[in-house]
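Residues per chain, in single letters:
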Amino acid sequence: MALNICTIMGRLTAAPEIKQAGEHKYTAFSVAVDRSYVDEDGDRQADFIRCVAWNGTAEFIARYFPKGAMIALSGRLQTGSYEDDKGSTHYTTDLVVQQVSFTGEAKKDQPQQSGKKSGKKKTSYPQGYSF
């Protein structure tokens, strides 16, 4: 039995753009995913994961997720290679998106609602994490 499932959550590094490949629409983009540790200089490291989404999934991402938005993605890893003009071979790894989810992150352009306090203590999570 084979298993190829990958789930990531991070921030879009650029606004996704819809492109056409034959009769199919797609968007290719990168997601910055924070690592769970801080290096010796106190800096948080991130991995930049290349992703591709097709057709309706691509349109949904392009419509609802701008640059910098937190996004949760699930799909399969796909590897490939290509040869450049100089004859060098380059290898690629992409997350082919099958599911996309909002993370529950509050929109930055909307003011927080004021009203009765719920009495719940607000939990603070490390930078880049939102539940």
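That block above? That's the structure.
Scope of this entry: the structure provided in the associated data block. Please read all numbers here as calculations on a predicted model, not as lab measurements. Note on numbering: residues in each chain are counted from 1, in written sequence order. A pLDDT threshold of at least 70 governs which residues receive local features in this predicted model, and a stricter bar of 80 or more applies before side-chain atom pairs are shown or counted, although totals over entire chains, interfaces and linings include all residues. Heavy atoms throughout the structure, all of them, feed into the side-chain values; hydrogens and water do not.

1. With respect to the side chain of Thr-92
Elements are defined by DSSP. Helices are runs of H or I of four residues or more, strands are runs of E of two residues or more, and each kind is numbered from the N terminus. Structurally, Thr-92 is set in strand β6 (residues 89–101). Once residues within four sequence positions are removed from consideration, Thr-92 is found in contact with Arg-50, Gln-78, Thr-79, Gly-80, Ser-81 and Tyr-82. In this description, contact between two residues means that some pair of their heavy atoms is separated by no more than 4.5 Å.

2. What to know about the packing of aromatic side chains
Only the six-membered ring of Trp is used, alongside the rings of Phe and Tyr, when aromatic pairs are assigned; centres must lie within 6.5 Å, and planes under 30 degrees apart are stacked while those over 60 apart are edge-to-face, with the rest tilted. In this structure the tally under the stated criterion is six aromatic pairs. Ring centres of Phe-60 and Tyr-64 lie 5.0 Å apart, and the angle between their planes is 50 degrees; on these two criteria the pair is classed as tilted. Residue Phe-60 and its partner Tyr-64 are both found in helix α1 (residues 55–64); the two are separated by four residues, about one turn of the helix. A simple rule labels every residue: compare its accessible area, found with a 1.4 Å probe on the protein chains alone, to the largest value its type can have, and call it buried under 20%, exposed over 50%, or partly exposed in between. Under the relative-accessibility criterion, Tyr-64 is labelled partly exposed at 38%. In this structure an aromatic cluster arises from ring pairing among Phe-60, Tyr-64, Phe-65 and Phe-102.

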